[in-house]
Amino acid sequence: MLRILTLTRTSAVHAKTVAITTMQDLLVTAPAPVREQLSGLSPRRLVSTCAKLSLADNPSTPTESVLLVLYRLAVRYQHLAAEADSLQHQIGRLATHACPALLTVYGVGPNSAATLLVALGDNPGRVTSEAAFAKLCGVAPLPATSGKTTTRHRLNRGGDKQANSALYMIIIGRLANDPATRAYRTRRTTEGKTTNEIIRCLKRHLARSIYRALKHDLKHLDDL
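None of these values were measured; they are calculated from a predicted model. (Residues numbered from 1 in each chain as written. Predicted model: local features only at pLDDT ≥ 70, side-chain atom pairs only at ≥ 80, totals over all residues. Heavy atoms only, no water.)

1. Looking at the overall build of the protein
This is how the line gets drawn: The helix count covers DSSP runs of H or I at least four residues long, the strand count covers runs of E at least two residues long, and both are numbered beginning at the N terminus. Working definition: with a 1.4 Å probe on protein chains only, accessible area under 20% of the residue-type maximum means buried, over 50% means exposed, and in between means partly exposed. Only heavy atoms matter for contacts: two residues are in contact if any of them lie within 4.5 Å across the pair. Accessibility throughout is a Shrake-Rupley quantity obtained with a 1.4 Å probe, and a residue counts as covered only by protein chains that appear here.
The helix and strand inventory of the protein stands at nine helices and two strands. Burial status across the protein gives 38% buried among its 224 residues. Restricting the contact set of the protein to residue pairs at least 6 apart, pairs at least 24 apart contribute 62%. Carbon and sulfur atoms provide 54% of the accessible area of the protein, an area that totals close to 12,900 Å².

Here's what the structure looks like:
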């Protein structure tokens, strides 16, 4: 169930982005009266304004045609936004029921929790340890060798890309809002670690915390 809801919401969000991008692109080459009326508006104001446009019954000029298209795109955007919000509510409800422990991990919200649960649900037989979960998420460190000496590790580009992206977004949120994570970055930077190396370490540590939380929630996965 979570997989279907998540995929559908992702599709709606993508289509919503396409709609607003198309509206903004149209304004670049729109007739002067349209540009004067709508250029410079924020995306939200552009959508709300275009959804209230007065249209000709039978468009016969370039200006009337562009206004019609902008109106249709604005209405489509609003419908998609409402659909995404509704799906988000359902995802949050199911995630809260299925993984209460996971949602207590700092920075993990309903969307990232659903993504991680879906990834784990596809591979329940293979993920029997913390190391296996890290590998599934693409955060198991890979050695970067120089001659016969292993001096560093590099980011793992394998694993479930959606799960990896979820971990990345959680880390970005922590770097912005969590004093402990920011202090860790500062300390590791002074030690000569690169940004990628710091993020790799943070993602690996996060995967460990998430796996421990998931162990308490695994009994719910059969309902997903």
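2. Some thoughts on the nonpolar core
As a reminder of what qualifies: Put simply, a nonpolar core is a bunch of buried Ala, Val, Leu, Ile, Met, Phe, Trp, Tyr and Cys residues held in one set by side-chain atoms that sit within 4.5 Å of each other.
Formed by 39 residues in total, the largest nonpolar core has its most connected members in Leu102, Leu116, Phe133, Leu167 and Ile210. Contributing elements (two or more residues each) for this core: α1 (2–29), α4 (62–98), α5 (110–122), α6 (130–136), α7 (161–177) and α9 (195–217). It is α9 that contributes the most residues to this core, eight residues altogether. In this view, isoleucine 210 contacts Leu102, Val105, Val108, Leu116, Phe133, Leu167 and Ile170; residues no more than four positions away in its chain are not counted. In terms of nonpolar packing, the next biggest core, distinct from the first, is built from 16 residues, Leu46, Leu70, Leu73 and Ala74 among them.

3. Description of the environment of arginine 204
To keep it simple, the criterion reads: Whenever two N or O atoms come within 3.5 Å, that pair is a polar contact, provided that in protein one can donate a hydrogen and the other can accept it, and provided that, for residues adjacent in sequence, both atoms are side-chain atoms.
Inspection of the secondary structure puts arginine 204 in helix α9. Sequence separation between arginine 204 and phenylalanine 133 is 71 residues; the distance between their C-alpha atoms is 9.9 Å. Look past the residues within four positions of arginine 204 in its chain and what remains in contact with it is Glu130, Ala131, Ala134, Val139 and Pro141. In terms of polar contacts, arginine 204 uses its side chain to reach the side chain of glutamate 130, at 3.3 Å.

4. Describing α7
Formally: Any helix carries an expected span of 1.5 Å times its number of residues minus one.
Spanning 17 residues, α7 covers 24 Å between terminal C-alpha atoms, matching the ideal 24 Å at 1.5 Å per step. Residues of α7 that are buried include every one of Ala163, Asn164, Ala166, Leu167, Ile170, Ile171, Arg174 and Leu175, and no others. With a side-chain oxygen positioned 3.0 Å from the backbone nitrogen of glutamine 162, the residue opening α7 is aspartate 160.

5. Quick notes on a nonpolar patch on the surface
Defined as follows: In this scheme, patches are assembled from residues that exceed 30% relative accessible area and form no salt bridge. Like charges are connected within 9 Å, while nonpolar side chains (Val, Leu, Ile, Met, Phe, Trp, Tyr) are connected within 5 Å. A pairing counts as a salt bridge when a side-chain nitrogen of Lys or Arg comes within 4 Å of a carboxyl oxygen of Asp or Glu.
Among the surface-exposed residues, Tyr168, Met169 and Ile172 lie close enough to one another that they form a single nonpolar patch of about 270 Å² accessible area. Relative to the assigned elements, methionine 169 resides in helix α7.

6. Comments concerning the pattern of salt bridges
According to the stated counting rule, one finds four salt bridges in the structure shown. Linking arginine 204 and glutamate 130 is a salt bridge whose minimum nitrogen-to-oxygen distance equals 3.3 Å. Highlighted residues: arginine 204 in helix α9 and glutamate 130 in helix α6, separated in sequence by 74 residues. Where glutamate 130 meets arginine 208, a salt bridge forms, and the shortest distance between an N and an O atom there is 2.9 Å.

7. Examining the packing of α1 against helix α3 (residues 43–50)
Filter applied, for reference: Lines fitted to the C-alpha atoms define the axes, with helices restricted to the stretch that makes contact. Angles between their N-to-C directions range from 0 to 180 degrees. For classification purposes, an angle smaller than 35 degrees is called roughly parallel, one larger than 145 roughly antiparallel, one from 65 to 115 roughly perpendicular, and anything else oblique. Here the term charged refers only to Asp, Glu, Lys and Arg, the term nonpolar to Ala, Val, Leu, Ile, Met, Phe, Trp, Tyr, Cys and Pro, and the term polar to all other amino acids, Gly among them.
Two elements in contact, α1 and α3, have axes whose closest approach is 11 Å; the angle formed by their N-to-C orientations is 85°. When the axes of α1 and α3 are compared, the pair comes out roughly perpendicular. Of the residues in α3, those touching α1 at Ile20, Met23, Gln24 and Leu27 are Pro43, Leu46, Val47 and Cys50. Among the residues forming the contact of α1 with α3, the class breakdown is seven nonpolar, one polar and no charged.

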